[in-house]
Amino acid sequence: VIFDDSFNHEAWNDHADRARIVLIFDVWHPDLSQREVKLLGFLQAAAMRRDKKLCDAQGIDADNFYAIIDRGRKVRPDDA
């Protein structure tokens, strides 16, 4: 299933006993110039760094994306 997540939408996991894994990737609009793609990539990376700092401040027991990833790394430290 492929969908455009630039539109407001909801997603949920109806199976609490199973993981829901989503692969997300960015596809830039073909009308964007290389310069625009570079700028948008820079802004996206900056936003992710900011979000990670905010999540890290909540600690590893928090319920956020980065804390979940960190907990997963502790389960299988050889894969980190």
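Here the structure is shown first, and the text comes after it.
Model, not experiment: these values are computed from the prediction.

So, on to the overall build of the protein chain. A count of helical and extended segments in the protein chain gives two helices and zero strands. Its C-alpha radius of gyration of 16 Å places the protein chain more than 25% over the 12 Å reference for a compact globule of 80 residues. Projected onto its principal axes, the C-alpha positions of the protein chain cover 45 × 30 × 25 Å. Here the protein chain holds 80 residues, and the buried ones make up 8% of them. Carbon together with sulfur atoms contributes 57% to the accessible area of the protein chain, which is approximately 7900 Å² in total.

With that out of the way, let us pick up the pattern of salt bridges. Any two side chains of opposite charge can pair, on the condition that their charged atoms come close. Enumeration over the complete set of coordinates arrives at two salt bridges. The salt bridge involving arginine 50 is made with aspartate 51; its shortest N-O contact spans 2.8 Å. In this structure arginine 50 comes out as partly exposed when scored by relative accessible area, which is 48%. Taking relative accessible area as the criterion, aspartate 51 reaches 31% and is therefore assigned partly exposed. One salt bridge connects lysine 52 with aspartate 56, and the closest N-O pair in it is separated by 3.0 Å. Taken together, the positions of lysine 52 and aspartate 56, both in helix H1 (residues 34-58) and four residues apart, correspond to about one turn of that helix. Among the residues examined, aspartate 56 registers a relative accessible area of 41% and is labelled partly exposed.

Given a rise of 1.5 Å per residue, 25 residues ought to cover 36 Å, and the 36 Å separating the end C-alpha atoms of H1 matches this to within 8%. Directly after H1, the chain includes glycine 59, whose backbone phi takes a positive value near 95°.

There is about 500 Å³ of room inside the largest pocket. Along its surface, the largest pocket is lined by 16 residues, and Phe3, Asp5, Leu23, Ile24 and Phe25 are the ones closest to its centre.

With that settled, consider a nonpolar patch on the surface. A cluster of nonpolar side chains, contributed by Trp28, Leu39, Leu40, Phe42 and Leu43, occupies part of the molecular surface with about 490 Å² of accessible area. Looking at the element boundaries, tryptophan 28 is found in the segment before H1.

With that settled, consider the environment of glutamate 36. With respect to the helices and strands, the residue glutamate 36 is situated in helix H1. You can call glutamate 36 partly exposed: its relative accessible area is 38%. Sequence spacing of glutamate 36 and serine 6 is 30 residues, and the spatial spacing of their C-alpha atoms is 18 Å.

The rules we used
- Residues numbered from 1 in each chain as written.
- Predicted model: local features only at pLDDT ≥ 70, side-chain atom pairs only at ≥ 80, totals over all residues.
- Heavy atoms only, no water.
- Helix = DSSP H or I, 4+ residues; strand = E, 2+ residues; numbered from the N terminus.
- Rg over C-alpha atoms; globule rule 2.2 N^0.38 Å.
- Buried < 20%, exposed > 50% of the residue type's maximum accessible area, 1.4 Å probe, protein only.
- Areas by Shrake-Rupley, 256 points an atom, 1.4 Å probe, with all protein chains shown as cover.
- Salt bridge = Lys/Arg side-chain N within 4 Å of Asp/Glu carboxyl O.
- Expected span 1.5 Å × (residues − 1).
- 1 Å grid on protein atoms, 1.4 Å probe; cavity = no way out; pocket = protein on both sides within 12 Å on 5 of 7 lines; lining within 4 Å.
- Points joined across faces, edges and corners; volume = space filled by probe spheres on them.
- Patch = residues over 30% accessible without salt bridge, like charges linked within 9 Å, V, L, I, M, F, W, Y side chains within 5 Å.

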